[in-house]
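# Results of the structural survey
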Amino acid sequence: MLVERMRPHTSTIFAEMSALALRTGAINLGQGFPDTDGPPSLLADAAANIGSGINQYPPGVGAPELRAAVAEHQRRFYGMDVDPDAVLVTTGATEAIASAVLAFCEPGDEVVTFQPYYDSYAATIALAGAVLRPVPLRPNANANANPNPGGQRPPGFGFDSDELRAAFSSRTRLVLVNTPHNPTGAVFDREQLTLIGQLAAEYGAVIVTDEVYEHMVYDGREHVSMATLPGMAERTLTISAAGKTFSVTGWKIGWVHGPAELVAAVRAVKQFLTYVSGAPFQPAVAAALALPDSFYAQLASDLQRKRDLLSAGLRTAGFTVFDSAGTYFVVTDVRPLGYEDGAEFCWSLPERVGVAAVPVSVFCADPELGRPLVRFAFCKRDEVLTEAVARLVALRAPAG
Ligand code: GLN
């Protein structure tokens, strides 16, 4: 029944693993969503908006106060000069990405992205009849080294510049960049983004950036937004959302901004996917974007502590743990625990020790690349992480 191009994408690992976690009563470190609420002012504002009748269709492009707040956020954090009229509000970042892919790709056009990738990318590219050109992200050397020898953390995932270059062709239409990166926790630096940008310019490709984890970068790192690099604003669509930043992943309020003609193309598709959504949430998110720096700093420092707690526990439990520089996630290698296949490991983990995680192979066009890797989410209360670690330590092979 289902069209052929969607057949490889019938279910999402997040739904499957969350259902398994529920069935087995496991702690769910699979799907990345926080288990605490966002800022009280945001929640109160949304409730008040519902109570005061902000419940009908918002403008197709989004509530004016949210478009202005996104522009101001981009100025405040990145020094960007964004016209509120160039901001389009979407149903989460996912809709913005899907709309962009559908807006720019003719069947057979190519989209360069990094693998492992967030699962909706591949499904959306397939829907458009476009072709995914994946560039591998591989763990750098030294994983599982002492996590902090003299302040030096072991590196996480990176790409090879020759492999990146080889992914481009005359059919490249889009480059889809996710930084901070789900699932690896990689945060692309200026040099990496500059190379991606140069290649996009050379091949005349539009760059679409998914920056939903922009406020979750650790150890003093900086989030670099592609559109701030010289010459890049004119070819870049910048996408983010409220879900992660304000711990409201179920609200699905996202946005995209960029050059007027590119945003207009995205809007042409977006208006026929959901038309609009989230009327009472949009003005509430607008107010939250103006929260003081202390809110944003606290978010990052809380998550950094959680990353450390879970990463240390996973090392104790015997996993190889790769450095997570950002996001909600840390990636591990399960081979030291005697497993070759992360998917097999994840399907049995809830029953065995009462913890759920997701296999990285499901985020790969080439499953071999992620075969022994498993992603854990650390966006959970400290006591939940501590309990998860206590359970995972039971996996450690008995001595002798
Ligand atoms: N973005 C979240 C993750 O990667 C959840 C996505 C989802 O449930 N579709 O875990």
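Going by what an unreviewed UniProt entry lists, the protein is known as Pyridoxal phosphate-dependent aminotransferase and is assigned to Pseudonocardia aurantiaca. Per UniProt, the protein carries the Cofactor (unreviewed entry) text "pyridoxal 5'-phosphate".

Moving on, we come to the side chain of Thr113. Residue placement: Thr113 occurs in strand β3 (residues 110-115). The class of Thr113 is buried, set by a relative accessible area of 1%. Among residues more than four places away in sequence, those in contact with Thr113 are Tyr121, Leu132, Arg133, Pro134, Val135 and Leu176.

Lining the immediate environment of the ligand, one finds Phe14, Gln31, Gly32, Tyr118, Asn182, Tyr213, Lys244, Phe329 and Arg375. In the environment of the ligand, a nitrogen atom lies 3.2 Å from a nitrogen or oxygen atom belonging to the side chain of Tyr118. Note that an oxygen atom of the ligand is positioned 2.7 Å from one of the side-chain N or O atoms of Arg375. Burial of the ligand by the protein amounts to 81% of the accessible area it has alone, namely 290 Å². Residues that form the shell around the ligand fall into these classes: 4 nonpolar, 3 polar and 2 charged.

It is the contact of helix α2 (residues 40-51) with helix α10 (residues 281-289), at a shortest axis distance of 8 Å, that shows an interaxial angle of 150°. For the element pair α2 / α10, the angle class is roughly antiparallel. α2 and α10 meet at a crossing whose hand is right-handed. Contacts between α2 and α10 involve Leu42, Asp45, Ala46 and Asn49 on the former and, on the latter, Phe281, Pro283, Ala284, Val285, Ala287 and Ala288. For the contact of α2 with α10, the per-class residue count stands at 8 nonpolar, 1 polar and 1 charged.

Procedures and definitions
- Residues numbered from 1 in each chain as written.
- Predicted model: local features only at pLDDT ≥ 70, side-chain atom pairs only at ≥ 80, totals over all residues.
- Heavy atoms only, no water.
- UniProt positions renumbered as here; feature names shortened; annotations may be inferred.
- Helix = DSSP H or I, 4+ residues; strand = E, 2+ residues; numbered from the N terminus.
- Buried < 20%, exposed > 50% of the residue type's maximum accessible area, 1.4 Å probe, protein only.
- Contact = heavy atoms within 4.5 Å.
- Near = heavy atom within 4 Å.
- Polar contact = N/O pair within 3.5 Å; in protein donor to acceptor, adjacent residues only side chain to side chain.
- Areas by Shrake-Rupley, 256 points an atom, 1.4 Å probe, with all protein chains shown as cover.
- Nonpolar A, V, L, I, M, F, W, Y, C, P; charged D, E, K, R; others polar.
- Axes fitted to C-alpha atoms, helices over the stretch in contact; angles between N-to-C directions.
- Parallel < 35°, antiparallel > 145°, perpendicular 65-115°, else oblique.
- Left-handed = near helix turned anticlockwise from the far one by under 90°.

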